[in-house]
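Chain by chain, the residues:
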Amino acid sequence: MEEEKEFYFKTQNLSVGYNRKPILENISLGVYKGQILTLIGPNGSGKSTILKNLIREMSPLGGVVVLEGKDINNYSSKNFAKQMSVVLTEKVKTELLTCRDVAMGRYPYTNYFGKLTPEDERIVDESLESVAALDIAEKDFSQISDGQRQRIMLARAICQKPQIIVLDEPTSFLDIRHKIELLDILQNMAVKENVTVVLSLHEIELANRISDWVMCVRADGKILYGTPDEIFKDEIIRELYDIKNGSYNCLYGSTELEKKTGTPKVFVAGGGGFGVSVYRRLQHFEIPFSAGIIAQNDCEYTIAESLAVKVISEKPFEIFSGKSLEMAKKYVDIADYYIDAGC
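Note that the coordinates shown come from a computational prediction; the quantities given were computed from them, not determined experimentally.

A.B. asks: Just checking my understanding: could you explain the pattern of salt bridges for this structure?
C.D. replies: Oppositely charged side chains can form a pair if their charged atoms are brought close together. Within the structure shown, the criterion is met by ten salt bridges. Across the pair Lys179 and Glu203 runs a salt bridge whose closest N-O atoms are separated by 2.8 Å. Taken together, the residues Lys179 in helix α6 (residues 176-193) and Glu203 in the loop between β9 (196-200) and α7 (204-210) connect sequence positions 24 residues apart. Comparing Lys179 with Glu203 shows no difference in burial state: the two are buried. Note that Arg218 is salt-bridged to Glu239, the shortest N-O span being 3.6 Å.

Structure follows, in structure tokens:
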């Protein structure tokens, strides 16, 4: 990891767990101001437990959490709330509260009586607008969808004008459109407003796209930490989620089901992405197939490798060799059907 300057938010030899029994130890992470750190890993691996220690909801069994050079336990509750805002997965219980009421996260800045000033009201409106929720501001919070609730809770966090925002699986109840919109908001906060973002995600393809740092939390307690380029490799993701039947393609962020074995009954002439849908349909109907001739830098090569019994390939930028052509002819002869995918 980079060490030329001090991390804005970091842990040092952090150990977390329950009833004095650690489940994860020696956690060392660090993120600079205005960067995004994402935690990924299987359910039950301890991601939420780590986050709860980062936000002072739980006390570490060992080590420290440091924010801007200061142990987080040395912040007063009010000053900590000004530094950090939190969005958790637990549903908020409300009675007769509008979305605007729930979104009012200005209380760290209000007086003893909690009275909001016109400036506070303006910030609430801006926060609702930033998550595209002004149109539901006066609706009963208990009557809106899960996706809308998540946007209101994010608006509440934005209202605090935090230096760092921590979110636990914020995309869990969202459809794909709203997942993209929410992550776009977080990315804009990081890039344009210099807010540090720490979150956990299940959608590792999205984590790959928005993160500056990634922490993998494995079920066996092993932790990997690094940049997306260091973490998002097929072998690492396969081991992280213990994928045995099928594969995950880090290049495309796609999940492929287990390939069918046996004598290939179909030969697919693919390439240029044209063969991908054909490969998946053949896999769906449990038909073993071969494919070729595909250059090893072709966009569909890794998917063909995941699904075909045999892939006849050629080195990048090379004219098909006699050896490759002979191998392709062999598998064409074996097959009952030949499919030209359109390349």
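A.B. asks: When you look at the packing of aromatic side chains in this model, what are you seeing that I'm missing?
C.D. replies: Any two aromatic rings considered together are summarised by their centre-to-centre distance and by the angle between their planes. Summed over all chains, the structure comprises six aromatic pairs. Seen in terms of ring centroids, Trp213 and Tyr225 are 5.6 Å apart; in terms of plane orientation they differ by 5 degrees. Their pairing is stacked. Taken as a pair, Trp213 in strand β10 (residues 213-217) and Tyr225 in strand β11 (residues 223-226) lie far apart in primary sequence, twelve residues in all. For Tyr225, a relative accessible area of 17% corresponds to the buried category. Cluster of aromatic residues (ring-pair linked, three or more members): Phe7, Tyr32, Trp213 and Tyr225. Cation over ring: Lys33 sits above Tyr8, and NZ or CZ is 5.1 Å from the ring centre. The side chain of Lys70 reaches across the aromatic face of Tyr75, ending 4.5 Å from its centre.

A.B. asks: Could you clarify how one ought to interpret the sheet that holds strand β4 (residues 36-40) in this entry?
C.D. replies: In a beta sheet, neighbouring strands pair by backbone hydrogen bonds and run either parallel or antiparallel. Read from one edge to the other, the open sheet built from six strands follows the order β7-β8-β9-β4-β10-β11, with strand pairing classed as mixed. The two strands at the open ends of the sheet, each matched to only one other strand, are β7 (84-87) and β11. Recorded for the sheet is a direction-independent mean angle of 10 degrees between the axes of neighbouring strands. Here β4 pairs with β9 via four bridges, running parallel. Directly across from Leu39, in β9, lies its bridge partner Ser200.

A.B. asks: Honestly, helix α12 (residues 322-334) in this entry has me stumped. Any pointers?
C.D. replies: Along an α-helix, residues three or four apart share an orientation, since each turn contains 3.6 residues. With 13 residues, α12 should reach 18 Å at 1.5 Å per residue; the first-to-last C-alpha distance of 19 Å fits that figure. Buried within α12 are the following residues: Ser324, Ala328 and Tyr331. Buried residues in α12, looked at end-on, bunch into an arc of 65 degrees, giving them a common side. Exposed residues pointing more than 90 degrees away from the buried face of α12 are listed as Lys323 and Asp333. The inward-facing, buried residues of α12 contact β14 (266-269), β15 (289-295) and β16 (310-314).

Each value, and the rule that gives it
Residue numbers run consecutively from 1 along every chain, following the written order of its sequence. Restriction of local features to residues with pLDDT of at least 70 applies here, the model being predicted, together with a cutoff of 80 or more for giving and counting side-chain atom pairs; totals for whole chains, interfaces and linings are based on all residues. Computation of side-chain values covers all heavy atoms of the structure but excludes hydrogens and water. A pairing counts as a salt bridge when a side-chain nitrogen of Lys or Arg comes within 4 Å of a carboxyl oxygen of Asp or Glu. Only runs of H or I of at least four residues qualify as helices and only runs of E of at least two qualify as strands under DSSP, and these elements are numbered from the N terminus. Partly exposed residues are those whose accessible area sits between 20% and 50% of the maximum for their type, while under 20% is buried and over 50% is exposed, using a 1.4 Å probe and protein chains only. Aromatic pairing here means that ring centres of Phe, Tyr or Trp (its six-membered ring) are within 6.5 Å. Orientation follows from the plane angle: under 30 degrees is stacked, over 60 is edge-to-face, and everything else is tilted. Here, over-ring charges are defined by two tests on the NZ atom of lysine or the CZ atom of arginine: distance to the ring centre within 6 Å, and angle to the ring normal within 35 degrees. Here, any two strands with at least 2 DSSP bridges between them count as paired. A fitted line through C-alpha atoms serves as each axis, taken over the contacting stretch for helices, and the angle formed by two N-to-C directions is quoted from 0 to 180°. Multiplying 1.5 Å by the helix residue count minus one yields the expected span of that helix. Within this analysis, the arc is defined by the directions that extend from the helix axis to the C-beta atoms. What makes two residues a contact is simply this: any of their non-hydrogen atoms within 4.5 Å.

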